[in-house]
Amino acid sequence: MRQTLQQPAVVSGIGLHTGVPSTMTFKPASNGITFLRTDLPGSRPIRAHVDNVGSTLRGTNLKNETAEVWTIEHAMSALHALGITDVAVEMDGPEPPVTDGASDLYVSALLKAGIRELDTEQPVLNIKQKITYSSGNIFYSAEPADQLTFTFVYKHKHPLLAHSEYTFEFTQQNYIEQIARARTFGFEEELAFLKAHGLAKGGNLENAVIIGKDKFINERRFPDEPVRHKLLDLVGDISLTGCKLPPLAIRCECGGHKHNVLFAKILLTNSEDQ
């Protein structure tokens, strides 16, 4: 069944890339997930769907002809993990709060607000055969399985991140315990470049894992926190299909927001019910 909130949930803070303060209010709804920029007069709600992804530069951004919202993947990941299919999100800034760089504070706020069932069903992503997508060293696959699992393989030239892989069975409890606390990450050598290009203005040692030349600058919550965060992002981006995921084995190697969204579109195209 589709699900929404029992009462509003509120999360406040600064945006990861813009550094602009924002308060996000999640309100009960029955028409899917939408984002509304209340700070922009005349703006209209933006449906959280792959068709409305405006850009994927260092995050997944949604837009329509009236407004744009940045970096929605952490909030979307939390909503999807909790099975919340319908909520009206109001924002008085351009970007959701980065919170602690993960999705756990969103999870906590949403659970505190309470979840209730609606009397309609969410469409199911009906994948009957193995679907693959590749671009260079990037590879995705999804195939029918006994249970819904996500696997991410992360490879990087940096010696501390040479090869890491993580698989988890997608249940609410597993997500909360294994994925929700994994923070975004970045490389010390990239920070000056990002800030010079107007990005990562809200990033700091409290909300991101910073990787130096030969060591992690701050403590990690998990030994393999970066790959777990990649899974957090993947869940959020794939949720933009707007569909319930059946038992599938979803695998990603070396992907990111751009290709997550492309693969979500491929899955929708190959769903027999769409």
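Just so we're clear, the structure is a prediction, and the values are computed from it rather than from any experiment.

Draft legend 1. Just the nonpolar core, in detail. Counting residues in each nonpolar core, the largest one holds 71 residues, and the members touching the most others are F26, F35, L110, F150, F168 and Y175. Broken down by element, the residue count for this core peaks at six residues, all from helix α5 (residues 225-238). Filtering out sequence-adjacent residues up to four positions away, Y175 remains in contact with S77, A78, A81, S103, V107, F168, F170, A180, L232 and V235.

Draft legend 2. The arrangement of the sheet that holds strand β9 (residues 87-91) in detail. In spatial order, the strands read β2-β3-β9-β4-β5; together these five strands make up an open sheet with mixed pairing. Among the strands making up the open sheet, the edge pair consists of β2 (9-14) and β5 (46-47). Where β2 and strand β3 (residues 21-28) come together, six bridges link them in antiparallel fashion. Across the sheet, the residue bridging to V11 is M24, located in β3. Across the sheet, helix α2 (residues 104-113) lies against β2 and β3, angled at about 155° from β2, the strand it touches most.

Draft legend 3. Looking closely at helix α6 (residues 257-270). Compared with the 20 Å implied by 1.5 Å per residue over 14 residues, the 20 Å span of α6 between its first and last C-alpha is a close match. Every buried residue belonging to α6 is among H257, H259, N260, V261, F263, A264, L267 and L268, and all of these are buried. Residues of α6 that are buried sit in contact with β6 (53-55), α1 (73-81), β11 (131-135), β12 (138-144), α5 and β17 (248-253).

Draft legend 4. Fine view of the environment of A81. Within the fold, A81 resides in helix α1. Sequence-wise, A81 and V107 are 26 residues apart; in three dimensions their C-alpha atoms are separated by 8.4 Å. In this structure, A81 is in contact with F170, Q172 and Y175, ignoring residues within four places of it in sequence.

Draft legend 5. A look at unusual backbone geometry. Residue R58 is not a glycine yet carries a positive backbone phi of 60°. As for its placement among the helices and strands, R58 is situated in the loop between β6 and β7 (61-63). When its relative accessible area of 38% is taken as the criterion, R58 is described as partly exposed. Phi is positive for T99, which is not a glycine, with a value near 50°. Structurally, T99 is set in the loop between β9 and α2.

Draft legend 6. Quick peek at the environment of R58. Separated by 41 residues in the primary sequence, R58 and H17 place their C-alpha atoms 8.4 Å from one another. Those residues within four positions of R58 in sequence are excluded, and the remaining contacts are H17, E73, E190, L194, L199 and H257.

Draft legend 7. Region of interest: the packing of α5 against α6. Their axes nearest at 9 Å, the elements α5 and α6 cross at an angle of 40°. As far as their axial angle goes, α6 and α5 are oblique. As α5 runs across α6, the sense of the crossing is right-handed. Contacts between α5 and α6 pair D233, L234, D237 and I238 from the former with H257, N260, F263, A264 and L267 from the latter. Looking at the contact of α5 with α6 residue by residue, the class counts come to five nonpolar, two polar and two charged.

Parameters and conventions
- Residues numbered from 1 in each chain as written.
- Predicted model: local features only at pLDDT ≥ 70, side-chain atom pairs only at ≥ 80, totals over all residues.
- Heavy atoms only, no water.
- Core = buried A, V, L, I, M, F, W, Y, C linked by side-chain atoms within 4.5 Å.
- Buried < 20%, exposed > 50% of the residue type's maximum accessible area, 1.4 Å probe, protein only.
- Helix = DSSP H or I, 4+ residues; strand = E, 2+ residues; numbered from the N terminus.
- Contact = heavy atoms within 4.5 Å.
- Pairing = 2+ DSSP bridges.
- Axes fitted to C-alpha atoms, helices over the stretch in contact; angles between N-to-C directions.
- Expected span 1.5 Å × (residues − 1).
- Parallel < 35°, antiparallel > 145°, perpendicular 65-115°, else oblique.
- Left-handed = near helix turned anticlockwise from the far one by under 90°.
- Nonpolar A, V, L, I, M, F, W, Y, C, P; charged D, E, K, R; others polar.

Read these as spatial facts, not as claims about activity.
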